Structures are given as C-alpha cells and as structure tokens.
Amino acid sequence: MNMRVVFLLVRAFFSGTKPIKDFFERISTSRSRIISMVSSFLIVLVFVYLGILLGVNYYSYQTLGLLLGYPYLGLVLAALLGFAFQLFYSLASGTSLLYGAKDILLVGSLAVRHTELGASRLLIAYLLQAPLYWFVTLPSLIVGLWIDGFSLVYLFGGLLFLLVGPLFALSLSVLFSMVLVRLTKGKNHKMAEELVSAVSLVLLILVLTVSLTRNLTDDGSLLSFNYEVMLQSYAPLVEKIMSLFPWFRIQAQMVTSLASQFIILGSGIILFVCLVLLVGTTYAANLSYVLSNQSGTRTRKAKHTFNSSSPQRALMKRELLIIRSESMFVFEIIGELGIPVLLLVLYSFMGILDELAEVVSQLTQTGVFLQLVYLLLLLFANFSMISSTSVSRQGKRFDLDKQYPLDASTFVQAKLLFHLVLVFIPHAFYLAVALLLLSLPLLHLLWMIPLSLLCIGMIACLHLAIDYHHPRLDWKVSQQAMKSNLNGLYGMLITFAVLALFALILLLPILVGLSTELSILLLFGLTGLGFSLSYRLALSQARSLLSK
C-alpha cells in the first residue's frame, strides 16, 4: 500500500468538498455584514453553552468519583459519551461515505488499489468524525487539569486520549456498515442506519440535559450538586460501568499512567491496520452491492404521479414525497413532532415523573399554570424546521417551480397548509391530552386551538420568508439541507423571540391583576395582524426568488 496515494486521495477529497470553507461561506453570504456577524456570534455562543454543559457534568462526576474511589470517573464518562456520540453520528453516513460518495466512481477508474482506496476513506471518515469526539471529550480534560494540575504525563496522555479515542467508534461503525451492506445486499441500508443514529442521538442529548438538572441543588449555582442524592442513585451504576467497560477505564487512566498510554497507542495502531486490511479485502464486493441498487432506487422514485383536483394539493403531495425521498428528512421531522412524547417516555424511564408531579402541584398555585402548559406545548409545536428549510429541501428541483404557470401565492399556500397539517393537528391533540391528564377544563380548547392556529401559521410564514430569502439549493447530502442549514437556526431564533413576546402579552395582564379574557383578546388581535403581515412577507420573498 502506497501511503502517498492514500494521502493524495484524502487531500483531493477535502479540496473538492471544502467542508470548513463551505460552512464559513454559508455564513458570509448573508446580505448584511451585521447579520453575518450576529450569526457567527450565535453559533459560537451555542458551542460555548454546550461545552459548559458538558464541562459541568464532567465536574460533577469527577468529584463524585473522588468520593467513590474513582478519581478519573469524569474522564471515563467523557470517553464513553464521546464514543457513543461519534458512533451514533457516524452510523447515519458511514455506508454513504465508504461506498456511496460521488467521487468513488471517479477514483475507482484510476490505478488505485482497493486497500489504498479503503484506507483513504477511513482517514476521511476519521477526519470528519474526530471533531465531534474532541468537542465532547475536551471539556473533561480541562476539568481534570483544573482538579489534578498540570504535568507532562497529563499533557501527552490527553493528546493520545483525543487522537486515538475516535478510532474505536470509527472501527465499530465501519464494521456495522460492512455487515449491514452484506446482509441487505446494499438495499435499504440508509433507513436502518439513520433510524438508529437519529433516535440514539436524541436520547443521549436528553439524558445528558436531564442528568444535569436533576443533580443540581436549589441554590442556583452551576457547580453546586446534591452529592448525597448522587451517591444513592449512581453508586451502583458507576460500579457496573467500571466492570462492564474496562477499556474506557484504561483510556481515562492515560492522563496519569504511562503504561495505559502504551496500551491504548499500540491497540489503536493495530486496530487501524486490521481495519484497513479488512475494508480493502471486502471493498470491491461491498461497493458493487451499493452501486447496483442506486439506479433501481432512482427508477422506483420516478414513478410517482399526481392526480389532484387543485395545484395546492399536488404541491402538498410533492412536499411529502420530497421528505420521503430522504430518510434523514423523515427522522428529523418525526423527531421534532414527537418531542412531548419522547420527553414523557424518557422521564418515565429515568424515574422522575414523581418529581415532575411535585413541580406541577406547586405551579398550580401560581394562577398561571394553564397558560404555562399552553405556552410550553406551543413552544414544542413551533420548535421545527419544516418550513424554514422547505425551499432548501427541494434542492436543484426548485428550478422547476419557475417553469410552472402558477403564481407565487400557490406555492406559499401549499407549503403553509402542509406545515399546518403536520404541526397543528398533533399540537391540538397534545393540548387535549394535556388538559385531560392535568385535570384542566377542556372548555379552554375553544380559545387555545384557534389562537394556536394563528400563531403556528404566523411563525410558519416567517420561516418560509427566511428560506425563500436565501435558500440552500446546492446541497450534496441531505444533512446540508436541514441540520447544517443556517435558515433552521434563524427560524428557531425568530420562534423564541415571537413566543417570548406572545408569553409576555398572555401572562403580564394576569400578573398585574387584569382579566384573562383581556390578554386573550389582545393576543387574538395581534396574532391575526402578525399572521397577515408574515404571510405578505413570505409571498414577497417567494415572488422575488421565483422571478430570478
């Protein structure tokens, strides 16, 4: 195997895709420099917040480990979380990156051995996945440095922790992809991979967030934890983790033990060499399985026809087909719509429903409990990227809209109706179930449902205006159309701003002693006006884009 060829293939891949440059160009292409600066600041702020959230969790478990006799418990947790996050993230694109990328056919026609091609794809996967692992685990090393102090052994062990750690999740995800391709003969593998990836990542994030809020004390400090409760709840779990995952214990001990450093470094090298040989020997067969089924998939999707009595219905069906064409779109939207159910299931498994019941009993005495329940469900309903990435999901097919003899209002109305069908109907169901479970009068549905309809429609129009203003139509993989689309972030920021104002108008009159009916009537008037204005804004942006 010629390593010069391997590195040349890796460099050619990144020269063609330019993921970092593409990300920053996406931010800087805004019409205003102020918007670009604000977007950059908000993105940095989100990453800083997530890093602090991870660091605070690691600090709590590192301190808990000192009480249990495991002074490196925070690092063990970081190694385990980094492994899990990288593994579940890589499952969504593992097979596509190894066998389904567009440049593989071009490279395959060159004088390149399969071992060289396989090694290059593994290095590319490592370089794409390692930053996630570093982001998840680096706060634990900072916390450990803060608690234990600096040493050369800690520095060298920390570097090995970051560099060798991603190899283990990468190896397992590659093995999973290879076995899945063989079992399915290259058919329908993406659905299974992305289903496991999406569900697992959401559960991991929710568990991490809930564990932090559950362990904190009531004094409001981020570094003040209820260690008595943690000892009672987590001591048996910690003992089980230490016995089940000795490998992560060795990895965590690298920061203080030279022997552990040699074990992890040697294991990482041997693992990567074996993985290169395994991928190289099976690459031709697996590639043929994947490529032989791609053309058949495209033919099958091309058979859809529309038998609709109106253009809006036909366009709504097209929206549904676009979502179904990419499994990532399906899981992203289903995940957004099922947040209340997912939270309820998660809280029940973690055994904190009794604690939530106590919080509910306290909130019922505030006089605004009904309004708080309504606002929470309204937030869940609008926490969505269905409309803020609707135009972007069309990709290059958007040019067809310019050729149809239809007014821009037809497209906007179809997208708006599609959003309402997907979002408003589940929201109305959640409202009714919540009122029943909390023993609140169902009569309130008479004002909640029409007000929600206006609010959801208004925010959907604002999201459409954002995506029509600057859609991302040049995406190469489906993740770029939704997860990596800044329009989704802009839409969420607008959602929070609108709902904050909505909550202020709903709650403030009640808190100052005015009647509830007055605040509701005021909201109906303002939300109706906002819906009218936001619809006109979306329509003007659609006409501007369709006329180009």
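In short, a report on the structure. (Residues numbered from 1 in each chain as written. Predicted model: local features only at pLDDT ≥ 70, side-chain atom pairs only at ≥ 80, totals over all residues. Heavy atoms only, no water.)

Bringing the overall build of the chain into the picture now. The secondary structure content of the chain amounts to 24 helices and zero strands. Taking all 548 residues of the chain together, 47% fall into the buried category. Contacts in the chain between residues at least 24 apart in sequence constitute 82% of all its contacts with a sequence separation of at least 6. When the accessible area of the chain is evaluated, it comes to approximately 27300 Å², of which 71% is carbon and sulfur surface. (Helix = DSSP H or I, 4+ residues; strand = E, 2+ residues; numbered from the N terminus. Buried < 20%, exposed > 50% of the residue type's maximum accessible area, 1.4 Å probe, protein only. Contact = heavy atoms within 4.5 Å. Areas by Shrake-Rupley, 256 points an atom, 1.4 Å probe, with all protein chains shown as cover.)

What follows is about a nonpolar patch on the surface. Together, Trp134, Leu145, Phe150, Leu152, Leu155, Leu159 and Leu163 make up a nonpolar patch on the protein surface, roughly 700 Å² of accessible area in all. Residue assignment for the nonpolar patch shows that the elements contributing at least two residues are helix H7 (114–148) and helix H8 (152–184). A per-element tally of the nonpolar patch places H8 first, with four residues. When you line up the elements, Leu152 lands in helix H8. The class of Leu152 is exposed, set by a relative accessible area of 66%. (Patch = residues over 30% accessible without salt bridge, like charges linked within 9 Å, V, L, I, M, F, W, Y side chains within 5 Å. Salt bridge = Lys/Arg side-chain N within 4 Å of Asp/Glu carboxyl O.)

By the definition in use, this model includes four salt bridges. Notably, a salt bridge pairs Arg393 with Glu319, separated by 3.8 Å at the nearest N-O pair. Placement of the pair is Arg393 in helix H18 (residues 390–394) and Glu319 in helix H13 (residues 311–325), with a sequence separation of 74 residues. As far as burial versus exposure is concerned, Arg393 and Glu319 are alike and both buried. Glu319 is paired through a salt bridge with Lys415; the nearest N and O atoms lie 2.5 Å apart. Of this pair, Glu319 sits in helix H13 while Lys415 sits in helix H20 (residues 408–437); the two residues are 96 residues apart in sequence, bridging distant segments of the chain.

Turning our attention to the packing of aromatic side chains. The final tally for this structure, using the stated rule, is eight aromatic pairs. Taking 6.1 Å as the distance between ring centres and 55° as the angle between the ring planes, the aromatic pair formed by Phe383 and Phe496 counts as tilted. With Phe383 in the loop between helix H17 (369–382) and H18 and Phe496 in helix H23 (residues 486–511), the pair connects residues that are 113 residues apart, well separated along the chain. Residue classification places Phe496 among the partly exposed residues on the basis of a relative accessible area of 41%. Each member of the aromatic cluster is reached from another via a ring pair, and the members are Phe83, Phe245 and Phe248. (Phe/Tyr/Trp six-rings, centres within 6.5 Å; stacked < 30°, edge-to-face > 60°.)

With that out of the way, let us pick up the nonpolar core. Membership of the largest hydrophobic core comes to 67 residues, with the highest contact counts inside it found for Tyr374, Val412, Tyr468 and Phe502. Here this core gets 14 residues from one element, more than from any other, and that element is helix H21 (residues 445–469). Membership of the second largest hydrophobic core comes to 55 residues, among which are Val6, Met178, Ala252 and Val279. (Core = buried A, V, L, I, M, F, W, Y, C linked by side-chain atoms within 4.5 Å.)

Secondary-structure assignment places Phe380 in helix H17. Given the relative accessible area of 19%, Phe380 is considered buried. Considered as a pair, Phe380 and Val423 are 43 residues apart in the sequence and their alpha carbons are 9.6 Å apart.

Right, let's talk about H17 for a bit. Look at H17: 20 Å from first C-alpha to last across 14 residues, which is about the 20 Å you get at 1.5 Å a residue. Among the 14 residues in H17, eleven count as buried, and that is most of the element. Along H17, the residues classified as buried are Phe369, Leu370, Gln371, Val373, Tyr374, Leu375, Leu377, Leu378, Phe380, Ala381 and Asn382. (Expected span 1.5 Å × (residues − 1).)

Before going further, it helps to spend a moment on the side chain of Gln394. Secondary-structure assignment places Gln394 in helix H18. The class for Gln394 is buried, based on a relative accessible area of 2%. Polar contacts involving the side chain of Gln394 include one to the side chain of Asp401, which spans 3.0 Å. Every residue in contact with Gln394, bar those within four places of it in the chain, is listed here: Arg318, Glu319, Ile322, Asp401 and Lys415. (Polar contact = N/O pair within 3.5 Å; in protein donor to acceptor, adjacent residues only side chain to side chain.)

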